[in-house]
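Summary of the model geometry
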Amino acid sequence: MADGKVQRLPFRQVIIIGAGFGGIDMACALKRKLNFENFVIYDRNSDIGGTWYDNNYPGCAIDIPGLIYQLSYAPEPNFPRVFPTRLEMLAYLKGTVAKYDLYRHVQLNMSWTTASWLEDEQRWSVELKNTQTGETFIQECKVLVGAIGHQVDPKDFFVKNKEEFQGHIIPACKYSEALNLKDKNVVVLGNGSTAVQVVPNILKDVKKCVQIQRDAQWILHRPNPPVPQGVRNFLTQFPVFFRLVQQLIFALIECFYPILGRRLAGIANGHLKKFEVPEKYHPLLTPSYTPGCKRLVFAVDYLQCLKDPKIELVQDEIAALRSSSVVTKSGNEYPADIIILCHGFKGDTFYYPLKGRGGITPSKHWDAAGGPSCYKGCAMSGFPNFFSIRGPNVSSGLVAASSKIMKAESMLKSNRQQSVIWFIEATTTLILNAAAPLILDKAALVEVKSSAELAYVNRVQAACKKGFWGRDCHTYYLTESGWNHTVYPWSEYLPAFSKLCRGELINC
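Described in the following lines is the structure provided in the data block. Keep in mind that this is a model prediction, so the values were computed, not measured.

Thoughts on the overall build of the protein
Regarding its fold elements, the protein presents 13 helices and 21 strands. Residue burial in the protein is summarised as follows: out of 508 residues, 56% are buried. Long-range contacts, defined as pairs at least 24 residues apart, comprise 74% of the intrachain contacts of the protein with a sequence gap of at least 6. When the accessible surface of the protein is split by element, carbon and sulfur atoms take 53% of a total near 22,100 Å².

Below, the structure written as structure tokens:
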């Protein structure tokens, strides 16, 4: 047990918060490009992996081809299927950490509680808490990198009479393999990318599964074929062809919406017939909004499973709980031993527990700007020497910024934007370009100019308003005021984003 005493840790030049893809890529960049070792990575979990550690629910897998969901300097052509499972992605990350000798830099079970800028020392004072013992630590650093991700913590589940429920309520991202579903009545809340993976993978065990959705989503069938061993061997032996296949996949994904956008509704409806989805569910799987307004949902075996008599799909909302059932707003009652929450994450804002120059917090900074925002997703005026990975507006919406068909050359320039890993690598490249003088003790401070940040943020929001996102639907991309804090709205992602303009920074 902690005795309440704060312990001081030795100074580190760089502190990285988060041991998922972002933190690992930042650490690899420090070692690969600067041959730098004076850094530490903290993560609140008991192992590395970030989202691929957390999300161990049944059927968890990526929905981007594995050949492009990987770091450019750690190629992996040996995924057995086109879309790898969560365990395969976790093994890939662990292999990368071992390859670059990062384990000795990682401190697990350490949660970031706050960080304050020390103006006189021109350092960050970072407070950390051991998640197992409760011990509190203070450590100072010159450069602080927040790689905590976006959409990490599940939404709260507020419902009447929650305390009366005698069963288990568990968010999908906190799923326990010890949970026994055998012959249980299970309620799944939600119909997004997580739910369509969970539902078909629990049906073999459950007595009954009731899936409750608030609104319809566009759900497209997406097969997951095996990759023949001969193909994997060939790509391993001839890396140039591996890179060519990657580029082809990038280009195909970039072309997806410009070519198929107007046909997506028809394709989705065709899938309902192809997989013999019961007619009673068709209205629940046919939204009124334009495909692309929300993130499209891709499913391997969800549509097929809707024929199973064990599953019941309803469009409703949970109004209250009883000891062994859920009651919906429409007045229907469904038996429930277990409730699995797939209703999303706390994604309407970004959480950085910072106190910058003069004690300013990110929320105050964003109030002045109009909403969550950063210069190129990674830097804020008033927070010197702090950088974020996967900050505001660095996610792909899989939709062009306008309804016009993009030019082929534009598509090819931007072909990496659909894999979040390329966003991460572009961000770490930008951070390293800006922060290298700090890290190598050739400068004391780097900060984006307020005017440069504001100009960039205004350009982003103006471009987002021209897109489909949130135009005729409710989406987590937008705040209630219509501020888009999620999507990067342009195609020329890497050329525009990675470029560092020294005139937009303050160097001391």
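Further notes follow.
Some thoughts on the environment of Pro80
Along the chain, the position of Pro80 falls in the loop between α2 (51–54) and α3 (86–99). On the basis of relative accessibility, which here comes to 30%, the residue Pro80 falls in the partly exposed class. Expressed as a C-alpha distance, the spacing of Pro80 and Gln229, which sit 149 residues apart in the sequence, is 7.7 Å. In this structure Pro80 touches Glu88, Pro226, Val227 and Arg232, once residues within four positions along its chain are discounted.

So, the nonpolar core
Note that soluble globular proteins tend to have their nonpolar side chains buried in a common cluster. Residues Ile16, Phe21, Val188, Leu285, Tyr302 and Ile340 are the most contacted members of the largest nonpolar core, which totals 101 residues. At 12 residues, helix α11 (residues 420–439) tops the list of elements feeding residues into this core. Beyond its immediate sequence surroundings of up to four residues, Ile16 is in contact with Gly23, Met26, Ala27, Leu30, Phe39, Val40, Ile41, Tyr42, Val145 and Ala147. One finds Cys141, Met380, Phe383 and Leu445 within the second-largest nonpolar core, a separate group that totals 23 residues.

Overview of the packing of aromatic side chains
Applying the stated criterion across every chain yields a total of 16 aromatic pairs. Through successive ring pairs, a cluster of aromatic residues spans Phe21, Trp52, Tyr69, Phe79 and Tyr92. Positioned over the ring face of Tyr73 is Arg32, at 3.9 Å from the centre of the ring. The side chain of Arg123 reaches across the aromatic face of Phe11, ending 4.0 Å from its centre.

Side note on the pairing of strand β14 (residues 318–322)
Bridge count for β14 against strand β15 (residues 325–328) is four bridges, and the pairing is antiparallel. Residue Ala320 lies in a different strand from β15, and its bridge partner there is Val327.

Quick word on unusual backbone geometry
A positive phi is found at Asp101, a non-glycine position, where the angle reads about 55°. Inspection of the secondary structure assignment puts Asp101 in the loop between α3 and β4 (106–107). Here Asp101 falls in the partly exposed class, since its relative accessible area comes to 37%.

Things to note about the packing of helix α1 (residues 21–34) against α11
Two quantities define a packed helix pair, namely the angle between the axes and the distance from one axis to the other. Packing of α1 against α11 leaves a shortest axis separation of 9 Å and a crossing angle of 50°. Accordingly, the angle class assigned to the pair α1 and α11 is oblique. Judged by the twist between their axes, the crossing of α1 over α11 is right-handed. For the pair formed by α1 and α11, the contact residues are Phe21, Gly22, Asp25, Met26, Ala29, Leu30, Lys33 and Leu34 on the first element and Ile421, Ile424, Glu425, Thr428, Thr429, Ile431, Leu432, Ala436 and Ile439 on the second. When its residues are assigned to classes, the contact of α1 with α11 shows 11 nonpolar, three polar and three charged.

Procedures and definitions
- Residues numbered from 1 in each chain as written.
- Predicted model: local features only at pLDDT ≥ 70, side-chain atom pairs only at ≥ 80, totals over all residues.
- Heavy atoms only, no water.
- Helix = DSSP H or I, 4+ residues; strand = E, 2+ residues; numbered from the N terminus.
- Buried < 20%, exposed > 50% of the residue type's maximum accessible area, 1.4 Å probe, protein only.
- Contact = heavy atoms within 4.5 Å.
- Areas by Shrake-Rupley, 256 points an atom, 1.4 Å probe, with all protein chains shown as cover.
- Core = buried A, V, L, I, M, F, W, Y, C linked by side-chain atoms within 4.5 Å.
- Phe/Tyr/Trp six-rings, centres within 6.5 Å; stacked < 30°, edge-to-face > 60°.
- Lys NZ or Arg CZ within 6 Å of the ring centre and 35° of its normal.
- Pairing = 2+ DSSP bridges.
- Axes fitted to C-alpha atoms, helices over the stretch in contact; angles between N-to-C directions.
- Parallel < 35°, antiparallel > 145°, perpendicular 65-115°, else oblique.
- Left-handed = near helix turned anticlockwise from the far one by under 90°.
- Nonpolar A, V, L, I, M, F, W, Y, C, P; charged D, E, K, R; others polar.

Purely geometric stuff here, so don't read any function into it on its own.
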